[in-house]
Every structure is written in C-alpha cells, then in structure tokens.
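Observations on the model geometry
Residue-level listing of the chains:
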Amino acid sequence: EGPRILQFFGGLISFSLAITVIIMCFLESPSTADIGLMVSTIWLCILLCFMEWHSNSANMRRRMIALRVKPLKFLWGRGFLFMITGSLQMLHMWKIALISGGITLGFGFISVLVGWWKFFTFRNLPKTLDGLLWSEYSRCAMDSDGLIKASEFSNLLVEIGFQVDDYLTIREFNRIDKNNDQKISFYEFKNWFVKKYRTARSEEV
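Remember, it's a predicted structure, so these values are computed and weren't measured experimentally.

**Thoughts on the pattern of salt bridges**
If charged atoms from side chains of opposite charge come close, those side chains can pair. In this structure the tally under the stated criterion is five salt bridges. The partner of Glu 172 in a salt bridge is Arg 171, and the shortest N-O contact between them spans 3.1 Å. On the basis of relative accessible area, Arg 171 is assigned to the partly exposed category, the value being 32%. Measuring nitrogen to oxygen at the nearest pair gives 3.2 Å for the salt bridge that ties Glu 172 to Arg 175. Of this pair, Glu 172 and Arg 175 both sit in helix α8 (residues 166–176), three residues apart, roughly one helical turn. Overall, Glu 172 belongs to the buried group, its relative accessible area being 7%. Sharing partners across several salt bridges, the network here consists of Arg 171, Glu 172 and Arg 175.

**A look at the nonpolar core**
Nonpolar side chains tend to gather and get buried jointly when the protein is soluble and globular. With 15 residues, the main nonpolar core has Tyr 137, Ile 148, Phe 153, Leu 156, Ile 184, Phe 189 and Trp 192 as its most contacted residues. Of all the secondary-structure elements, those providing two or more residues to this core are α6 (125–140), α7 (150–159), α8 and α9 (186–204). Per element, the largest residue contribution to this core is four residues, and it comes from α9. Among residues more than four places away in sequence, those in contact with Trp 192 are Phe 153, Leu 157, Glu 172 and Ile 176. Counting 10 residues, the second largest nonpolar core, distinct from the first, contains Leu 6, Ile 13, Leu 75 and Leu 88.

**Looking at unusual backbone geometry**
Even without being glycine, Asn 180 reaches a positive phi, approximately 55 degrees. With respect to the helices and strands, the residue Asn 180 is situated in the loop between α8 and α9. For Gln 182, which is not glycine, the phi torsion reads 65 degrees and is therefore positive. Mapped onto the elements, Gln 182 comes out in the loop between α8 and α9.

**Focus: the packing of aromatic side chains**
Under the criterion given, the structure shown has nine aromatic pairs. Taking 5.7 Å as the distance between ring centres and 55 degrees as the angle between the ring planes, the aromatic pair formed by Phe 153 and Phe 173 counts as tilted. Of the two residues, Phe 153 is situated in helix α7 and Phe 173 in helix α8; the sequence distance between them amounts to 20 residues. For the residue pair Phe 153 and Phe 173, the accessibility class agrees, reading buried in each case. Taken together, the ring pairs in this structure connect Tyr 137, Phe 153, Phe 173, Phe 186, Tyr 187, Phe 189, Trp 192 and Phe 193 into an aromatic cluster.

**Quick look at helix α4 (residues 75–90)**
Over its 16 residues, α4 extends 22 Å from the first C-alpha to the last, a length consistent with the 22 Å expected when each residue adds 1.5 Å. Looking at α4, one finds that the buried residues are Leu 75, Trp 76, Gly 77, Arg 78, Gly 79, Leu 81, Phe 82, Thr 85, Gly 86, Leu 88 and Gln 89.

**Observations regarding the side chain of Thr 104**
Structurally, Thr 104 is set in helix α5 (residues 95–123). Setting aside its immediate chain neighbours within four residues, Thr 104 contacts Ile 13, Leu 17, Phe 82, Thr 85 and Gly 86.

**Observations regarding the confidence of the model for the protein chain**
Segments scoring low in pLDDT should not have their predicted coordinates read at a detailed level. In this model, the protein chain carries an average pLDDT of 76, and 77% of its residues clear a pLDDT of 70 or more. Across the protein chain, the element-wise mean pLDDT spans from 47 in helix α3 (residues 60–68) up to 87 in α8. In the model, residues 55–64 has pLDDT below 50 throughout and makes 16 contacts with residues more than four positions away in sequence or in other chains. Low pLDDT (under 50) marks residues 201–205, which in the prediction has 10 contacts with non-local residues, meaning those over four places away or in another chain.

Thresholds, definitions, all that
One numbering rule holds for all chains: residues counted from 1, following each sequence as written. Where local features are concerned, this predicted model is filtered to residues with pLDDT of at least 70; where side-chain atom pairs are given and counted, the filter is 80 or more; whole-chain, interface and lining totals use all residues. Heavy atoms throughout the structure, all of them, feed into the side-chain values; hydrogens and water do not. Salt bridges, as used here, are contacts in which a Lys or Arg side-chain nitrogen is within 4 Å of a carboxyl oxygen on Asp or Glu. For every residue, the accessible area obtained with a 1.4 Å probe (protein chains only) is divided by the maximum for its type, and the residue is called buried under 20%, exposed over 50%, and partly exposed between those limits. The way it works is that DSSP assigns letters per residue, a run of H or I at least four long becomes a helix, a run of E at least two long becomes a strand, and they are numbered from the N terminus. As used in this record, nonpolar core signifies buried Ala, Val, Leu, Ile, Met, Phe, Trp, Tyr and Cys residues forming a set joined through side-chain atoms within 4.5 Å. Any pair of residues with heavy atoms lying within 4.5 Å of one another is described as a contacting pair. Any two of the Phe, Tyr and Trp rings considered here, Trp counted by its six-membered ring, make a pair once their centres fall within 6.5 Å; the pair's planes then place it as stacked at under 30 degrees, edge-to-face at over 60, or tilted in between. Multiplying 1.5 Å by the residue count of a helix minus one yields the expected span of that helix. Values of pLDDT, ranging from 0 to 100, describe the predictor's confidence in every residue of the model.

Following this line, the structure appears as structure tokens:
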C-alpha cells in the first residue's frame, strides 16, 4: 500500500487544502464557477482525508468505499485523485490556489510513482524470493531428501524473520503438510510464504 509516511502527509495535505479553499472563500470574491470548483475540491479533500487517515483495515466504512471504488484501495489510485484535486485547485488561477494546488499535484505524482513501484515489486515477489527462500530453506533441511520436519521448519521461520511461538509453528506446519507425512517440501513452503505475505499486505491496505 505504500509507506505510512505518505499516508500521513496525504491526509495532512488534504486537510490543509480544504482549509485553504475555505479561507479563499472569505478573502476573494468567487464567481459561480469558482464556487463550484471550491465545493468539488473540498469534497475531494474530505474523501482523501478519510481514505488516508482511516488506515485501519477493520474500518467498515473505509472497506465499503474501497469495494465501490477499488483503485482507492491503492496508493497509485489515490495519487490520481490527488492530481485531480490539485488540478481543480489550480484552475482558480489565484496565487494561493496555484501554490496549494501545485503541492497537491506534486504529492499525487509521487504517490502514483511509489504506488506503481510497490505494485510491480509485489507482483514480481515470487520471482525475487526464490533464491533467498531456497538459500535459507536448504540451510535448514538436514535430510538428504530435501524435506524439512517441524523442528527444522521452526528454525527456518526464525531465519527468515518470523517470531512465532511453538503453537503457531505447529499449526502452520500442519497446514502446509497436506499428506500428513510430517515433512514439507520447498515448493510447499514457498507457496505458504507467498500466501502469508499477500494476506498480510491486503490487511494493511
């Protein structure tokens, strides 16, 4: 989904832009078209603030919005929305509008770049992980058949950075061991790891 720092600045920029638009209403004498743009910009800022600051995956309202507008689940999708919001703001052609809109537009561009980079990195994860996982797996596999037992699986989890207790280790091992022979192969382990990673990432979105 992207770094938490981008979510923080995204919410902050959206909130600041909404306040800026409200201040402009009092400092300038907007036309009917300007008022329409201001209202549109404020509503987009409210939506962006809501999406960026309500990052808890258990938040049902946020999930409902994400289901209706799926791109908003992703950093690049919200980045495009930032660019649209910034462009609307810059259409006022006032100095303060050009500055605030330009900042929002720039942040949206950064969000799109980071979001796409994260997307392609995640999509290519299985390819890049093969070498690393095999290196750790082969180090823990003591038998000549290349399979690992529960005790070796526990050591492997520690090596790749998982900190879990014995109960969770045995539970996950039994889930991987489909044929109940008390051993698992590298491909079974890799598929489990990738599935776990994807589940963790989806819960963060």
